[in-house]
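Secondary and tertiary structure notes
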Amino acid sequence: MKFLQCNTENAKAISHLFNETFTASEGANEGKVIGELTTELMSTTASEDLFIFVAKAEDKLVGSIMFSRLTFENEINAFILSPVAVHPDFQRQGVGQKLIKFGLQALAEKGVELLFTYGDPNYYSKVGFKQISEDIVKAPQALTYPEGWLSQSLSADELPPMSGRCRCVSALNKAEYW
C-alpha cells in the first residue's frame, strides 16, 4: 500500500471513488452528493487551500482524503478533514487510519497548526481527534450532530478558545454537509 499526496489531475478517479464508496454504504443519493462535493472541492478551491491524499494498492486507487482550509480571524493555519473514503473492498483493514495519519504528518511538516473534522468521534479519536464544544470553536455552519465536531492541534497540547465563527471553503459551505 502506498500513500501519496496528489493534485487535481486525478479528479475524475477521486470523485468516482467517493461516489462508489458512499453509494455502497449510504445509497446512490449520498454517493452522488459526495461525488459532486469532491468534484466541486477540486474544481473551485485554490491549490494552497486544498490537500488531497490517496492510498493505492498496486495501481488501484483505494482511498482518498481531503483537507481544505478553515479561516479564522486570528489567521491560525487550520484545515478541515472532509471527506474521507476507502473503497468497500479495502475497508476494515486500517487503510483509512493509515491514510489520515499520513496526511496529518504531511500537514504538520507544512506548518498547519489545527485540524478539524465533522464525523464519528469513535472513528476519528483513533487518529487523535477530540470532541470540542462550539464554546471553544464555532463551526462554519449550524451542526446537526454537535458530538461530531472534532479537532486536533498539531502544534500545542490544548486548543485555545477562538472568537467568532470560522469560515470554510465555498464547496463545503452548505448547510446540508453540516
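Before reading further, recall that the structure is shown in the block above.
A few points on the structure. (Residues numbered from 1 in each chain as written. Predicted model: local features only at pLDDT ≥ 70, side-chain atom pairs only at ≥ 80, totals over all residues. Heavy atoms only, no water.)

1. Let's talk about the overall build of the chain
- Check the secondary structure of the chain and you find four helices and eight strands.
- Moving toward the C terminus, one meets the helices and strands of the chain in the order β-α-α-β-β-β-α-β-α-β-β-β.
- For 178 residues, the compact-globule estimate of 2.2 N^0.38 gives 16 Å, and the C-alpha radius of gyration of the chain, at 15 Å, lies within 12% of that figure.
- By principal-axis analysis of the C-alpha atoms, the chain measures approximately 45 × 30 × 30 Å.
- The buried share of the chain, taken over its 178 residues, is 48%.
- Counting every atom, the chain has about 9200 Å² of accessible surface; 46% of that belongs to carbon and sulfur.
- Side-chain charges of the chain comprise 16 positive and 22 negative groups, with the mean position of each set lying 4 Å from the other. (Helix = DSSP H or I, 4+ residues; strand = E, 2+ residues; numbered from the N terminus. Rg over C-alpha atoms; globule rule 2.2 N^0.38 Å. Buried < 20%, exposed > 50% of the residue type's maximum accessible area, 1.4 Å probe, protein only. Areas by Shrake-Rupley, 256 points an atom, 1.4 Å probe, with all protein chains shown as cover. Lys, Arg positive; Asp, Glu negative; His and termini not counted. Charge placed at Lys NZ, Arg CZ, Asp CG, Glu CD.)

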